[in-house]
There are 2 protein chains.
Amino acid sequence: MEGVMTYCVGMLTENGMVLIADTRTNAGIDNISVFKKLHMLVENEERLIVVASAGSLSVTQNMLSSLEEGLPGDTPDAPLRTLHTVPTMFRAAQLVGEAVSAARRSIGMVLAGTTINAGVSMLLGGRIGDGPLKLYLIYDEGNFIECNPDAPFLQIGELKYGKPILDRTLTWDTQLDEAVKVGLISFDSTMRSNLSVGRPLDLIVVPSDRAKDVLHVRVGDDDAYFNMLSREWGRLLTEARDTIADPPFMLDPEGV
Amino acid sequence: MEGVMTYCVGMLTENGMVLIADTRTNAGIDNISVFKKLHMLVENEERLIVVASAGSLSVTQNMLSSLEEGLPGDTPDAPLRTLHTVPTMFRAAQLVGEAVSAARRSIGMVLAGTTINAGVSMLLGGRIGDGPLKLYLIYDEGNFIECNPDAPFLQIGELKYGKPILDRTLTWDTQLDEAVKVGLISFDSTMRSNLSVGRPLDLIVVPSDRAKDVLHVRVGDDDAYFNMLSREWGRLLTEARDTIADPPFMLDPEGV
């Protein structure tokens, strides 16, 4: 197993975008270390492009390096294609998809016949020029889907434990600070059930309002806010459970 | 796919046992029907034995039929072994494990070379004589684990979506009516994320107190209580989210 256990979530609302990734990687039970999975690839006045990855580390690293070098143009004389020059986020998703597909093919060949999985999936978010914030999920064949307001989040990796809270409490008009809380609760749910997903967590928060700062945050192993959120969430869930009326069949006069 | 999508949960607290199973089965997208997965195999003054199954329908049905007929004794003259005669729940789990393993072997041979999965897993709960309530998860090799007070629930099938609520709000001292609510919320979380798990749901509630009735309940497609619980749960989760203090890094004086 080469870094297969990961959880990343991207949320896109009218108020901005939040990406959160864990940082744990493992090559077997005894070899667990911290590895960055959330990468700000471009951040300047004109464009912001961030990527989160789940799956094979070697495919991810190969893909990131080839994106940095630039992919070949259509003709030998054409300039290399990079995320610094693509005109739209859709073109950025195509370029990353192409890089993922190429990295997977070349490493997949090396790994053929082994049981090592060369699969990878990515979240790609950002904005270019005057365009709106966009968020994509890129599969390892290089194809991709775009986040939409009806389900304003995308997840990769170990995603099932943390999905119900997103389904129930994140909507297109959710405030950005509330979206951050939902994302952290989604991680808390995942980390309780899957020990291979763990803190530190990396967050990037991009407000839709360009006058506001883009935030880069690392939530550490003993982060006081996260500890409080986890504790409070457990307490509030039990309170919520108690608030709901008892099932009518449990109100049987025989008493249960 | 032969009935692979299922969710069943068993909860065992000091106050009693609750088993809940969905009833949907599918053989392809167009062939969805209702099929009972929760079976009360023995229910009399002296013993109560209930089974829930996930996985191959044919293995399950074969296994249930052979349990009903009785498994051969140690010698040709020995009486057949059935759930009506085993002296303890531990022996019941061994007998069911044996029946699962035999059914799987015989059907697995028939299916060898096809892509049809003959896998199955079962929850087995109940009590015999003066013994306490017991709950087991039986794997398809026939081995099994027992529910314990530190994690007073066991799940089979599509279990990840519905696990966080169990992790956070079910403990050994939870009241039985609250446990039923937790189980229904766990199903609600699962059904929102996986369309192949659906109502009707079957419930069996067994109070530890033998003076109280054992309940058999079917929660139908348009059950008013379940609809209310689902709606209220969504509202209460959003309230709980709002109640938690904002992340300190979102309180930046720049304002987000």
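Throughout this description, residue numbers start from 1 for each chain and increase along the sequence as written. To label them, take the chains in the order written and letter them from A, then take the ligands in the order written and number them from 1. Only residues with pLDDT of at least 70 get local features here, since the model is predicted, and only at 80 or more are side-chain atom pairs given and counted; chain-wide, interface and lining totals rely on the full set of residues. Processing note: side-chain calculations cover all non-hydrogen atoms of the structure and skip hydrogens and water entirely.

Undergrad: Sorry if this is basic, but what is going on with the sheet that holds strand β8 (residues 134-138) of chain A here?
TA: Two orientations exist for strands paired in a sheet by backbone hydrogen bonds: parallel and antiparallel. Residue and element names in this part refer to chain A. Here, any two strands with at least 2 DSSP bridges between them count as paired. Helix and strand definitions here come from DSSP, where helices need a minimum of 4 consecutive H or I residues and strands a minimum of 2 consecutive E residues; each element is numbered from the N-terminal end. The 5 strands lie next to each other as β5-β6-β7-β8-β9, forming an open sheet whose pairing is antiparallel. Lying at the two open borders of the sheet, with one neighbouring strand each, are β5 (38-43) and β9 (144-146). Direction aside, neighbouring strands of the sheet carry axes that sit 20 degrees apart on average. Two elements, strand β6 (residues 47-55) and strand β7 (residues 120-128), share 9 bridges in a ladder whose sense is antiparallel. When the sheet's bridge partners are listed, Arg-47 is paired in β7 with Ile-128. Against the sheet, helix α2 (residues 89-111) engages β6, β7, β8 and β9, with an angle of about 155 degrees to β7. Think of each axis as a best-fit line through the C-alpha atoms, taken over the contacting stretch in the case of a helix, with angles from 0 to 180 degrees between the N-to-C directions. Any two residues having at least one pair of non-hydrogen atoms within 4.5 Å are treated as being in contact.

Undergrad: Which parts of the structure should I look at to understand the pattern of salt bridges?
TA: A pair can form between side chains of opposite charge whenever their charged atoms are brought close. In what follows, salt bridge is the name for a side-chain nitrogen of Lys or Arg lying within 4 Å of a carboxyl oxygen of Asp or Glu. Enumeration according to the criterion identifies 30 salt bridges over all chains in this entry. For Lys-134 of chain B, the salt bridge is made with Glu-146 of chain B, and the minimal N-O distance between the two is 3.0 Å. Placement of the pair is Lys-134 of chain B in strand β8 (residues 134-138) and Glu-146 of chain B in strand β9 (residues 144-146), with a sequence separation of 12 residues. Judged by its relative accessible area of 38%, Glu-146 of chain B falls in the partly exposed class. Across the pair Asp-242 of chain B and Arg-241 of chain B runs a salt bridge, and its minimum N-O distance is 2.8 Å. Via salt bridges that share partners, Glu-178 and Lys-181 of chain A together with Arg-241, Asp-242 and Asp-246 of chain B belong to a single interconnected network. Working definition: with a 1.4 Å probe on protein chains only, accessible area under 20% of the residue-type maximum means buried, over 50% means exposed, and in between means partly exposed.

Undergrad: Please explain the side chain of Ser-121 of chain B as it appears in this structure.
TA: Residues and elements named next belong to chain B. Considering the arrangement of structural elements, one finds Ser-121 in strand β7 (residues 120-128). Ser-121 gets classed as buried once you look at its relative accessible area, which sits at 16%. The residues contacting Ser-121, other than those within four sequence positions of it, are Ala-52, Ser-53, Ala-54, Ile-138 and Ile-156.

Undergrad: Help me understand the packing of aromatic side chains, please; the structure alone is not making it clear to me.
TA: Think of a pair of aromatic rings as described by two things: how far the centres are apart, and how the planes are tilted against each other in angle. All names here are of chain A. Ring pairs shown here join Phe, Tyr and Trp side chains whose ring centres sit within 6.5 Å, with only the six-membered ring taken for Trp; geometry is labelled stacked below 30 degrees between planes, edge-to-face above 60, and tilted in between. Overall, the coordinates contain 6 aromatic pairs over all chains when judged by the stated rule. Measuring from ring centre to ring centre gives 4.5 Å for Tyr-7 and Phe-187, while their planes differ by 35 degrees; the resulting arrangement is tilted. Highlighted residues: Tyr-7 in strand β1 (residues 7-13) and Phe-187 in helix α4 (residues 176-193), separated in sequence by 180 residues. For the pair Tyr-7 and Phe-187, a shared accessibility class is recorded, and that class is buried. Look at Phe-90 and Phe-144: their rings are 5.9 Å apart centre to centre, the planes differ by 70 degrees, and that puts the pair in the edge-to-face class. Of this pair, Phe-90 sits in helix α2 while Phe-144 sits in strand β9, and the two are 54 residues apart along the sequence. Here Phe-144 falls in the partly exposed class, since its relative accessible area comes to 24%. Three or more aromatic residues link up through ring pairs in this structure, and these residues are Phe-90, Tyr-136 and Phe-144.

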